[in-house]
Amino acid sequence: MTSARVDKQYDGNEAVGGDAPEEGYERGLGSRQVQMIAIGGAIGVGLFLGAGANIAKAGPSLILMYALAGVIIFFIMRALGELLLYRPVSGSFAEYSREFLGPFFGYFTGWTYWLMWVVTGMAELTAAAIYVNYWFPSIPQWVTALVFLVILFGVNLISVKLFGELEFWFSMVKVTALIGMIVIGLGVLTFGFSSAGDTAAVSNLWAFDGFFPKGIGSSLMTLQGVMFAYLAVELVGVTAGESEDPEKTLPKAINTLPWRIALFYVGALTVILCVVKWTEFAPGVSPFVEAFAQIGIPAGAAIVNFVVLTAALSSCNSGMYSTGRMLRNLAESGEAPKAFKKLSSTKTPAFGILVSVLFMGIGVILNYVVPEKAFGYVTSIATAAGIWTWLMILISHVLYRRAVDAGRLPASSFPAPGGAKCSYIAIAFLLFVTGIIAYDADARVCLYVMAGWAAALGIGWKVLKSRNPQIAERGTSQFQKVG
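What counts as what
Residues numbered from 1 in each chain as written. Predicted model: local features only at pLDDT ≥ 70, side-chain atom pairs only at ≥ 80, totals over all residues. Heavy atoms only, no water. Helix = DSSP H or I, 4+ residues; strand = E, 2+ residues; numbered from the N terminus. Buried < 20%, exposed > 50% of the residue type's maximum accessible area, 1.4 Å probe, protein only. Phe/Tyr/Trp six-rings, centres within 6.5 Å; stacked < 30°, edge-to-face > 60°. Lys NZ or Arg CZ within 6 Å of the ring centre and 35° of its normal. Expected span 1.5 Å × (residues − 1). pLDDT = per-residue confidence, 0-100. Contact = heavy atoms within 4.5 Å. Axes fitted to C-alpha atoms, helices over the stretch in contact; angles between N-to-C directions. Parallel < 35°, antiparallel > 145°, perpendicular 65-115°, else oblique. Left-handed = near helix turned anticlockwise from the far one by under 90°. Core = buried A, V, L, I, M, F, W, Y, C linked by side-chain atoms within 4.5 Å. Salt bridge = Lys/Arg side-chain N within 4 Å of Asp/Glu carboxyl O.

Novice: Please clarify how unusual backbone geometry should be interpreted in this entry.
Specialist: A positive phi angle, near 70 degrees, is found at aspartate 209, a position not held by glycine. Mapped onto the elements, aspartate 209 comes out in the loop between helix H8 (160–191) and helix H9 (216–221). Classification of aspartate 209 as exposed rests on a relative accessible area of 64%.

Novice: Looking at this model, I keep getting lost on the packing of aromatic side chains. Mind explaining?
Specialist: Remark: the centre distance and the inter-plane angle together describe each pair of aromatic rings, the angle taken between the planes. Across all of its chains, the model carries 20 aromatic pairs by this definition. Where tyrosine 107 meets tryptophan 461, the ring centres are 5.0 Å apart and the plane angle is 40 degrees; that geometry is what we call tilted. In this pair, tyrosine 107 sits in helix H6 (residues 103–133) while tryptophan 461 sits in helix H19 (residues 445–467), placing the two residues 354 residues apart along the sequence. Its relative accessible area of 3% is what places tyrosine 107 among the buried residues. Joined through ring pairs, the aromatic side chains of Phe104, Phe105, Tyr107, Phe108, Trp388 and Trp461 make up one cluster. The lysine or arginine in question, arginine 78, covers the ring of phenylalanine 414, its NZ or CZ lying 4.1 Å from the ring centre.

Novice: Teacher, can you tell me more about helix H4 (residues 62–86) here?
Specialist: Because an α-helix completes one turn every 3.6 residues, residues spaced three or four positions apart along the sequence face the same direction. A rise of 1.5 Å per residue sets the reference length of H4, with its 25 residues, at 36 Å; its end C-alpha atoms lie 36 Å apart and thus fit the reference within 8%. A large share of H4 lies buried, amounting to 21 of its 25 residues.

Novice: What's the story with the confidence of the model for the chain in this structure? I'm lost.
Specialist: Where the model shows low pLDDT, its predicted coordinates should not be examined in detail. Per-residue confidence for the chain averages 81 on the pLDDT scale, and 84% of its residues sit at or above 70. Looking at the elements of the chain, mean pLDDT is at its lowest for helix H1 (residues 31–41), recorded as 67, and at its highest for helix H18 (residues 421–439), recorded as 95. In the predicted structure, residues 1–22 sits below a pLDDT of 50 and forms 58 contacts with residues beyond four places in sequence or in another chain. In the model, residues 476–483 has pLDDT below 50 throughout and makes 14 contacts with residues more than four positions away in sequence or in other chains.

Novice: Would you explain the packing of helix H14 (residues 287–295) against helix H15 (residues 300–332) in this entry?
Specialist: Two packed helices can be described by the angle between their axes and the distance between those axes. Two elements in contact, H14 and H15, have axes whose closest approach is 8 Å; the angle formed by their N-to-C orientations is 165 degrees. Between H14 and H15, the angle falls in the class roughly antiparallel. As for how H14 packs across H15, the hand of that crossing is right-handed. Every residue of H15 that contacts H14 at Phe288, Val289, Phe292 and Ala293 is listed here: Gly300, Ala301, Val304 and Asn305.

Novice: I keep staring at the nonpolar core and nothing clicks. Help me out?
Specialist: The nonpolar side chains of a soluble globular protein tend to be buried, and buried together. In this structure, Tyr66 and Ile73 are the most contacted members of the largest nonpolar core, which totals 149 residues. Leave out the neighbours within four places in its chain, and isoleucine 73 touches Met227, Tyr230, Val233, Leu257, Ile261 and Trp390.

Novice: Sorry if this is basic, but what is going on with the pattern of salt bridges here?
Specialist: A side chain of one charge can pair with a side chain of the opposite charge when the charged atoms of the two come close. For the structure shown, the criterion picks out six salt bridges. The closest approach of N and O atoms between glutamate 99 and arginine 87, which form a salt bridge, is 2.7 Å. Of the two residues, glutamate 99 sits in helix H5 (residues 92–100) while arginine 87 sits in the loop between H4 and H5, which places them 12 residues apart along the sequence. Arginine 87 shares its class with glutamate 99; the two are buried. Each member of the salt-bridge network shares a partner with another, and the members are Arg87, Glu95, Arg98, Glu99 and Glu335.

Encoded structure:
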């Protein structure tokens, strides 16, 4: 798949930049599975657990922050969609960075996306351990995290078709539960049943110190946590190399993003904050669990706790899937050890998944050493790595559109609305969020980690070039005008 480009001449009439290269994977993900992976990928620990801390910081204005960030995420996904239909490949973000910005950026983006999913996996394991403590408070967090890590590793060695089926049902549980929560919350608001019925009201959104109870500045500071909640929406791009019909399934998955954000993020939080006043929520406690506990539905909180546990495990499972594919992409490009190129008998990159799981084990150690801070540490690092990935998607899209406008590359069959303008807006927003992270003393540590990560990757790149000078030159001649 290394820097694969269309070999035929572009005559101005082709709709797509070239066929996806044959990567050796099984194209076993059907439309139904890709759709649900896209829906479920955006529903994870950031919403179910992280929203509790953000509500405490911003109050009802958090709804607006999710809506604002959701618009930006849609811009990012439409930019990615245009690139995916130009050339659908597994490990797409690294491939596009490699093509449009140069080999070093492909190398850096691939490894950074791998880091993002490794630390996201740590966050999901931490969240899962917290959820289990709801039933079994005597079990240490690190023990639960380790057990889940081992189980999910076993799941990821299965064929991609079965992986897709498991993720379909994981996501179905999350989606069904969220819709159920919204319906029950609306019932409480409309008919006033349950112990929360007397106090549930739309006026809860502004009755307690206004819609911005801590000020607009405090609300904006939650954007880093909000962006973490949206990590994994781009996972649909990683599935491109294993989708049965990417030209049909990918646009459909991306175009349904606005209603998913409106329903599952903005809608669910709006209903919850109407049913329960925002002052009742606290960091470290799922607002969904707290809301059902206050509504007083028998076993309601336990059911929701099970659902959010499923969500965390699902997201971690997806993380293992994507890290193995990204390591193989890097190995195919000569930017990672050759051992990562091998596929198992079930056509899964088993060795890459194993190495990723070992690194995710650091999260188990964090749960042992600093269980109360583990979630905050890993989410900030994951957000910084995710922002880099999104920036690379957007910049690649801008450069791709320039090449199309100049006649150097064929147009995609799924162009982003507004062309590159929306990508520029999204780039500015992501840089603003990076500034917020730098301003926040607690979150700032992730930038130090990323600086160290960048230095390590820079050293690695020098070593790679010294061993294989052609690695820094590959692709230069391939991206010239061919029409």
